[in-house]
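Listed below are the residues making up each chain.
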Amino acid sequence: MALVLGIETSCDETAAAVVDDEFRVHSSVVESSIDLHRAFGGVVPELAGRAHVATIGPVVRRALDDAGLDPSSPAISGVAVTSGPGLIGSLLVGLSSAKALAYAWDVPFIGVNHLEGHLFAPLLEARDLQWPLMTLLVSGGHSLIVLQPGPGQHDVLGETIDDAAGEAYDKVARWLGLGYPGGPEIDRLAKEGSPEAMKLPVSMIGDDFDLSFSGLKTAVVRATEAHREIALADVAASFQAALSEQLLRKLRHALERYDVAGVALAGGVAANSALRAGVTQLAKEFGLVVHLPTMAMCTDNAAMIAAAGLHRLATSGPSPLDLSARPNWQLADVS
Ligand code: KG4
Ligand code: ZN
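The rules behind the values
Residues numbered from 1 in each chain as written. Chains lettered and ligands numbered in written order. Predicted model: local features only at pLDDT ≥ 70, side-chain atom pairs only at ≥ 80, totals over all residues. Heavy atoms only, no water. Helix = DSSP H or I, 4+ residues; strand = E, 2+ residues; numbered from the N terminus. Rg over C-alpha atoms; globule rule 2.2 N^0.38 Å. Contact = heavy atoms within 4.5 Å. Areas by Shrake-Rupley, 256 points an atom, 1.4 Å probe, with all protein chains shown as cover. Lys, Arg positive; Asp, Glu negative; His and termini not counted. Charge placed at Lys NZ, Arg CZ, Asp CG, Glu CD. 1 Å grid on protein atoms, 1.4 Å probe; cavity = no way out; pocket = protein on both sides within 12 Å on 5 of 7 lines; lining within 4 Å. Points joined across faces, edges and corners; volume = space filled by probe spheres on them. Nonpolar A, V, L, I, M, F, W, Y, C, P; charged D, E, K, R; others polar. Domains from an automatic or database assignment. Donors = N, O, S within 2.8 Å, 3.2 Å for Na, K, Ca; no water. Tetrahedral: all angles 85-135°; square planar, octahedral: opposite > 155°, others 65-115°. Buried < 20%, exposed > 50% of the residue type's maximum accessible area, 1.4 Å probe, protein only. Pairing = 2+ DSSP bridges. Axes fitted to C-alpha atoms, helices over the stretch in contact; angles between N-to-C directions. Core = buried A, V, L, I, M, F, W, Y, C linked by side-chain atoms within 4.5 Å. Disulfide = S-S within 2.5 Å. Buried area = accessible area lost by both parts, 1.4 Å probe.

A.B. asks: Mind showing me how you'd approach the overall build of the chain here?
C.D. replies: On a plain count of helices and strands, the chain comes out with 11 helices and 10 strands. Its C-alpha atoms give the chain a radius of gyration of 20 Å, within 12% of the compact-globule value 20 Å for 335 residues. Here the C-alpha coordinates of the chain stretch approximately 65 × 45 × 30 Å along the principal axes. Counting only contacts in the chain whose residues sit at least 6 apart along the sequence, the fraction spanning at least 24 positions is 73%. Working note: accessible area of the chain is about 13800 Å², and carbon and sulfur atoms make up 53% of it. Averaging the coordinates of the 23 positive side-chain charges in the chain and doing the same for the 39 negative ones gives two points 4 Å apart.

A.B. asks: What is the right way to look at the layout of surface pockets in this model?
C.D. replies: Empty space within the largest pocket amounts to approximately 1300 Å³. At the level of secondary structure, the elements contributing two or more residues to the lining of the largest pocket comprise helix 4 (114–125), strand 7 (143–148), helix 5 (165–175) and helix 6 (182–190). Along the lines of polarity and charge, the residues of the lining of the largest pocket split into 17 nonpolar, 20 polar and 12 charged. Counting the residues that make up the lining of the largest pocket, at least three belong to each of domain 1 (3–118 + 299–333) and domain 2 (128–296).

A.B. asks: Hey, could you run me through the coordination of the zinc ion (ligand 2) in this one?
C.D. replies: Geometry reference: four tetrahedral donors at a metal, ideal angle 109.5 degrees. Six octahedral donors, ideal angles 90 or 180 degrees. For the zinc ion (ligand 2), every protein donor is listed as His-114 (NE2), His-118 (NE2) and Asp-300 (OD), and the spread of their distances is 2.1 to 2.2 Å. Taken together, the four donor atoms coordinating the zinc ion (ligand 2) span angles of 93 to 144° at the metal, a pattern that classifies the geometry as irregular. All donors of the zinc ion (ligand 2) belong to a single chain; written as a sequence motif, their spacing is H-x3-H-x181-D. Placement of the pair is His-118 in helix 4 and Asp-300 in the loop between helix 10 (295–298) and helix 11 (303–316), with a sequence separation of 182 residues. Considered together, His-118 and Asp-300 belong to a single accessibility category, that of buried residues.

A.B. asks: What should I look at first to understand the sheet that holds strand 4 (residues 78–84) in this one?
C.D. replies: Hydrogen bonds along the backbone pair up the strands of a sheet, which may run parallel or antiparallel. Overall, mixed pairing links the five strands, which are arranged 3-2-1-4-5 in an open sheet. Two strands close off the open sheet at either side, each with one partner strand: strand 3 (25–32) and strand 5 (109–113). The sheet shows a mean angle of 20° between the axes of neighbouring strands, direction not considered. Contacting strand 1 (3–8), strand 4 and strand 5, helix 3 (residues 88–105) runs over the sheet at an angle of about 160° to strand 4.

A.B. asks: So what exactly am I meant to see when it comes to the nonpolar core here?
C.D. replies: Grouped burial of nonpolar side chains is what soluble globular proteins tend to show. Within the largest apolar cluster, 47 residues are counted, with the highest numbers of intra-cluster contacts made by Met-134, Phe-239 and Leu-243. The element that contributes the greatest number of residues to this core is helix 8 (residues 232–257), accounting for 12 residues. Beyond its immediate sequence surroundings of up to four residues, Phe-239 is in contact with Ala-168, Tyr-169, Val-172, Ile-186, Leu-200, Leu-216 and Val-220. Grouped together as the second largest cluster of nonpolar side chains are 26 residues, Ala-16, Leu-91, Val-93 and Trp-105 included.

A.B. asks: What's the story with the state of the cysteines in this structure? I'm lost.
C.D. replies: Working definition: the covalent bond between the sulfur atoms of two cysteines is a disulfide. Scanning all chains against the criterion turns up zero disulfides. No disulfide involves Cys-11; its nearest neighbouring cysteine sulfur is the one of Cys-298, lying 16 Å away. The exposure class assigned to Cys-11 is partly exposed, which follows from its relative accessible area of 25%.

A.B. asks: Would you explain the domain arrangement of the chain in this entry?
C.D. replies: Interfaces are frequently sized by the accessible area removed from exposure as the parts join. Partitioning the chain into domains gives domain 1 (3–118 + 299–333) and domain 2 (128–296). If you average the C-alpha positions of domain 1 and of domain 2, the two centres end up 27 Å apart. Contact with domain 1, which involves 17 residues of that partner, is made by 17 residues of domain 2. Both faces considered, domain 1 and domain 2 share a buried interface measuring about 1400 Å² in area, 60% of it formed by carbon and sulfur atoms. Three residues, His-118, Thr-299 and Leu-331, lead the burial of domain 1 against domain 2; their summed loss comes to 35% of the area buried on that side.

A.B. asks: What am I meant to see in the pairing of strand 2 (residues 13–20) here?
C.D. replies: Consecutive side chains along a regular strand alternate between the two faces of the sheet. Counting buried positions over the eight residues of strand 2 gives eight, a clear majority of the element. Of the two faces of strand 2, both are covered, the one formed by Glu-13, Ala-15, Ala-17 and Val-19 as well as the one formed by Thr-14, Ala-16, Val-18 and Asp-20. As judged from the six bridges shared by strand 1 and strand 2, these two strands associate in the antiparallel manner. Along strand 2, the bridge assignment pairs Val-4 with Val-19. The loop that links strand 1 with its antiparallel partner strand 2 comprises four residues. As defined by bridge partners, strand 2 adjoins strand 3 across seven bridges and the pair is classed as antiparallel. Across the sheet, the residue bridging to Ala-16 is Val-29, located in strand 3. Counting the residues in the hairpin turn of strand 2 and strand 3 gives four residues, including Phe-23, whose phi is positive at 65°.

Have a look at this one:
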């Protein structure tokens, strides 16, 4: 049994995990610096980088401990780390740590694309995953519809042309004076409001699979400025309904076009209750297996990075130790 250590530091989570070659998670530790960023209404790159430097050592040690490994000479066969996309200062902390450990332990080092990591998250919880798989990957930084013929194979059908879905949640929440991150707050409030209270645009209902959320965000700002009497819960419910409607229409369109066996949600916004219900309904309608990762597997973690690393190591081999961070690395450029 080969064990790989995964490391993730692309944004505000400092994470380490140990996963074996059958995708069993032996440990997964996630520390978030979110409390440092709340007052600023978003992640402050400089603060995130500094927090990673302070936290990475103890987090790796805990992941090794939790997996029952001896931290001074652990039986690790490789070290996988997110090398992009993400915040450059944050990526460099994980990358340097992973290289140092791989060098010291004399094991392969593997640079992993963060989005490919998210695509491996459903595999860690459902080893009976059915292929081909259609995945809606929605997070604070990305929104994509991806057709996966098999593990590690991805065809990006569409992606956002402006804001990411989570970013739209966070921006609207900020406008409404709610806390950061905004997604969970809006999701909670929406349950008390009416989704029909406001008429909001469902953007880009065209023939392609691209997404767009910035028009919706602007529409919420305009409507709430013009009608200050609208209850906050009604705004939340109407915004959430319009945003998930767009995602679900595009996903439906993709399922009509491509023959798949399963459908999955991934990324932080996959925690959203309306989206989970909508995707479950859609899968039922199309007779597909649905994979909804647990909350811990939706948000950033290192187990998904270790899983993607195991796959890359088996298919493409290790990365060179002079690999640099790629802050804008697109999923479509991963091969
Ligand atoms: O994947 P993630 O942890 O970090 C990125 O890689 O971006 O996603 C964080 C995003 C935030 O924008 C947050 O507001 C959103 O996921 N989010 C949600 C919910 N929980 C988290 N959005 C909508 N509904 C939720 N329940
Ligand atoms: Zn992420």
